[in-house]
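# Commentary on secondary and tertiary structure
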Amino acid sequence: MFKSAFITILGLPNAGKSTFLNAVLGENLVITNAKAQTTRHRIKGILNGENHQLVFSDTPGIIQESAYKLQDAMMGAVHQSLEDADVVLLMLDGQFPKVELFEEYTKKINCPIVVALNKVDLITDQNQIQETVDTVKEAFSTEHVFAISALENFNIGGIISTLIELAPEHPPFYDTEALTDENVRFLVSEMIRETILTQFKKEIPYSTEVVITEYFEEEKIDKIHATIFVERDSQKVILLGRGGAAIKNLGIYSRKRIEAFIGKQVFLALTIKVRKDWRKDDQQLKNFGYLKS
Ligand SMILES: Nc1nc2c(ncn2[C@@H]2O[C@H](COP(=O)(O)OP(=O)(O)OP(=O)(O)O)[C@@H](O)[C@H]2O)c(=O)[nH]1
Ligand SMILES: [Mg+2]
């Protein structure tokens with residue numbers, strides 16, 4: 001008997017959804033960062049076992065009010081991921097679970113819900129953890145509540161066993177060797193965006209989109225050309241840095257990140273272009289794959 005399920009990871013920005021997915025897969029597939037709204041698309045990560053396939057969808061964190069069309073599109077990705085979910089994995093920050101924010105959402109969900117209370121490594125009071133677990137069990141009428149630490153890989157196993165139990169009998173949806181259905185170009189563009197999130201402050205990461213314009217695979221090296229789009233000339237100046245120092249540094253760390261993931265030497269060239277207010281522009285959002293054309 002083979003079991004397969006689509007599992008949608010749902011939660012507020014910064015709850016640790018992407019960190020959790022990486023912990024489950026044992027790979028740095030999706031990007032994570034201390035800044036909120038890191039994930040912008042639905043990204044699938046696949047956990048294959050002998051008799052099961054769990055297809056996780058990492059999603060953008062839910063925001064109450066969107067300020068840009070980009071954020072509308074991100075929330076669209078969340079709703080779309082809920083449509084085909086067999087199980088919803090609600091990822092809450094164990095310290096600030098904000099249960100009330102999800103009562104609306106969960107009422108509309110008609111599949112089993114598993115709740116993870118993440119970041120319990122930051123909570124020293126065991127009673128506090130137990131009280132939150134009890135509150136959450138009651139609020140979502142589910143027995144499946146786990147106190148975990150995605151960062152420290154604590155208690156992840158219990159969630160996986162429960163998800164396998166809840167998974168319907170079904171043949172695998174994807175190749176049983178696959179880690180994701182995303183292409184390498186997209187994953188690489190995300191790794192550059194992750195480095196931008198780490199290296200730049202304030203609005204720069206939020207105003208940035210990365211597109212891989214060329215990807216040549218040679219025997220010993222992958223040659224990649226990426227274009228970084230920003231919203232204003234002033235942002236381009238910041239990304240370049242004095243004498244090009246900032247973009248040079250960005251190139252070095254992005255290349256290392258990509259090499260670690262694909263296990264091969266990489267040549268990376270970066271270009272910066274301005275697309276004025278792209279986050280508010282339907283046509284640009286289509287070009288960048290956030291809206292359907
Ligand atoms: N201490 C601690 N930090 C964690 C844990 N899980 C995630 N984090 C940190 O929380 C921050 C956010 O993690 P992400 O995985 O990017 O969160 P996310 O829910 O995917 O965020 P968005 O993509 O913005 O919606 C990062 O700095 C992580 O290192 C955890 O279990 N413990
Ligand atoms: Mg994320």
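Up top is the structure these notes are about.
To keep things clear, this report deals only with the structure shown in the data block. (Residues numbered from 1 in each chain as written. Chains lettered and ligands numbered in written order. Predicted model: local features only at pLDDT ≥ 70, side-chain atom pairs only at ≥ 80, totals over all residues. Heavy atoms only, no water.)

### Some details on the sheet that holds strand 8 (residues 221–230)
To keep it simple, the criterion reads: Criterion used throughout: strands pair if DSSP finds at least two bridges between them. Secondary structure follows DSSP: runs of H or I at least 4 residues long count as helices, runs of E at least 2 residues long count as strands, and numbering of each begins at the N terminus. Between the N-to-C directions of two axes lies an angle of 0 to 180 degrees, each axis being a line fitted to C-alpha atoms and, for a helix, fitted only over the stretch in contact.
Sheet architecture is open: 3 strands sit in the order 7-8-9, paired in mixed fashion. The two strands at the open ends of the sheet, each matched to only one other strand, are strand 7 (209–217) and strand 9 (265–274). Across the sheet, the mean angle from the axis of one strand to that of its neighbour is 20 degrees, orientation sign disregarded. One ladder, built from 10 bridges, connects strand 8 with strand 9; its direction is parallel.

### Description of the site of ligand 1
Rules: Distances are taken per atom, and a residue is near a molecule or strand as soon as one of its heavy atoms is within 4 Å of it. Any pair of nitrogen or oxygen atoms within 3.5 Å is treated as a polar contact; in protein, a donor-acceptor pairing is required on top of that, and neighbouring residues in sequence qualify only through side-chain atoms on both sides. We get accessible surface area from the Shrake-Rupley algorithm with a probe of 1.4 Å; when it comes to residues, only the shown protein chains can shield them.
As a structural note, the neighbourhood of ligand 1 is formed by 23 residues, with K17, T19, Q37, T39 and D121 the closest of them. In this structure, N33 approaches ligand 1 through a main-chain N or O atom, which is 3.1 Å from an oxygen atom. The separation between an oxygen atom of ligand 1 and a polar main-chain atom of T38 is 2.8 Å. Within the complex, the protein chains bury 91% of what would otherwise be the 660 Å² of accessible surface of ligand 1. Per-element tally for the shell around ligand 1: the top contributor is helix 1 (residues 17–25), with 3 residues.

### Observations concerning the environment of K3
Stated precisely, the cut-off is as follows: Residue contacts are counted whenever heavy atoms from the two residues lie within 4.5 Å of one another.
Mapping K3 onto the fold places it in strand 1 (residues 3–11). Sequence separation between K3 and P13 is 10 residues, and the spatial gap between their C-alpha atoms is 30 Å. Once residues lying within four places of it in the same chain are set aside, the contact partners of K3 are N51, H52, Q53, I164, E165, A167, P168, E169 and H170. At 3.0 Å, the side chain of K3 and the backbone oxygen of E165 are in polar contact.

### Focus on the nonpolar core
Selection rule: Joining through side-chain atoms within 4.5 Å is the link that ties buried Ala, Val, Leu, Ile, Met, Phe, Trp, Tyr and Cys residues into a set, and such a set is a nonpolar core. Here's how the labels work: a residue is buried when its accessible area is under 20% of the maximum for its type, exposed when over 50%, partly exposed in between, all with a 1.4 Å probe on protein chains only.
Residues F20, L54, F56, L89, I159 and I192 are the most contacted members of the largest nonpolar core, which totals 52 residues. The element contributing the most residues to this core is helix 6 (residues 184–199), with 6 residues.

### Some details on the environment of T8
Relative to the helices and strands, T8 is located in strand 1. Assessed through its relative accessible area of 1%, T8 is described here as buried. T8 sits 216 residues away from I224 along the chain, and the two C-alpha atoms are 31 Å apart. Those residues within four positions of T8 in sequence are excluded, and the remaining contacts are S57, T59, S81, L82, A85, V87, V88 and L89.

### Regarding the side chain of R40
Residue position: R40 is located in the loop between helix 1 and strand 2 (43–48). A distance of 3.3 Å separates the side chain of R40 from the backbone oxygen of Y206, its partner in a polar contact. At a separation of 2.9 Å, a polar atom in the side chain of R40 contacts the side chain of E209. Non-local contacts of R40, meaning those with residues more than four positions away in its chain, are made with P60, L70, M74, R193, P205, Y206, T208, E209, W278 and Y290.

### Topic: the pattern of salt bridges
Put simply, the rule reads: Think of a salt bridge as a Lys or Arg side-chain nitrogen and an Asp or Glu carboxyl oxygen that are within 4 Å of each other.
Throughout the structure, instances matching the rule amount to 13 salt bridges. A salt bridge links E194 to R257; the nearest nitrogen and oxygen atoms lie 2.5 Å apart. Note that E194 is positioned in helix 6 and R257 in helix 8 (residues 245–262), a separation of 63 residues in sequence. Relative accessible area serves as the criterion here: at 12%, E194 is assigned to the buried category. Because the salt bridges share partners, they merge into one network encompassing R232, K276 and D277.

### Let's talk about the coordination of the magnesium ion (ligand 2)
As a reminder of what qualifies: Coordination here is defined by N, O and S atoms within 2.8 Å of the metal (3.2 Å for Na, K and Ca), and since water is not considered, a site can look incomplete.
For the magnesium ion (ligand 2), the protein coordination sphere consists of S18 (OG) and T39 (OG1), at 2.0 to 2.1 Å. Of the two residues, S18 is situated in helix 1 and T39 in the loop between helix 1 and strand 2; the sequence distance between them amounts to 21 residues. Neither S18 nor T39 differs from the other in exposure class; each is buried.

### Some details on the pairing of strand 4 (residues 87–93)
Of all 7 residues in strand 4, 7 are buried; the element is thus mostly enclosed. Residues V87, L89, M91 and D93 line one face of strand 4 and the alternating positions V88, L90 and L92 line the opposite face, and both faces are buried. With 5 bridges connecting them, strand 1 and strand 4 associate as parallel partners. Note that in strand 4 the partner of T8 across the bridge is V88. Relative to strand 5 (residues 113–118), strand 4 runs parallel, the two being bridged by 6 bridges. Its bridge partner lying in strand 5, M91 is registered against A116.

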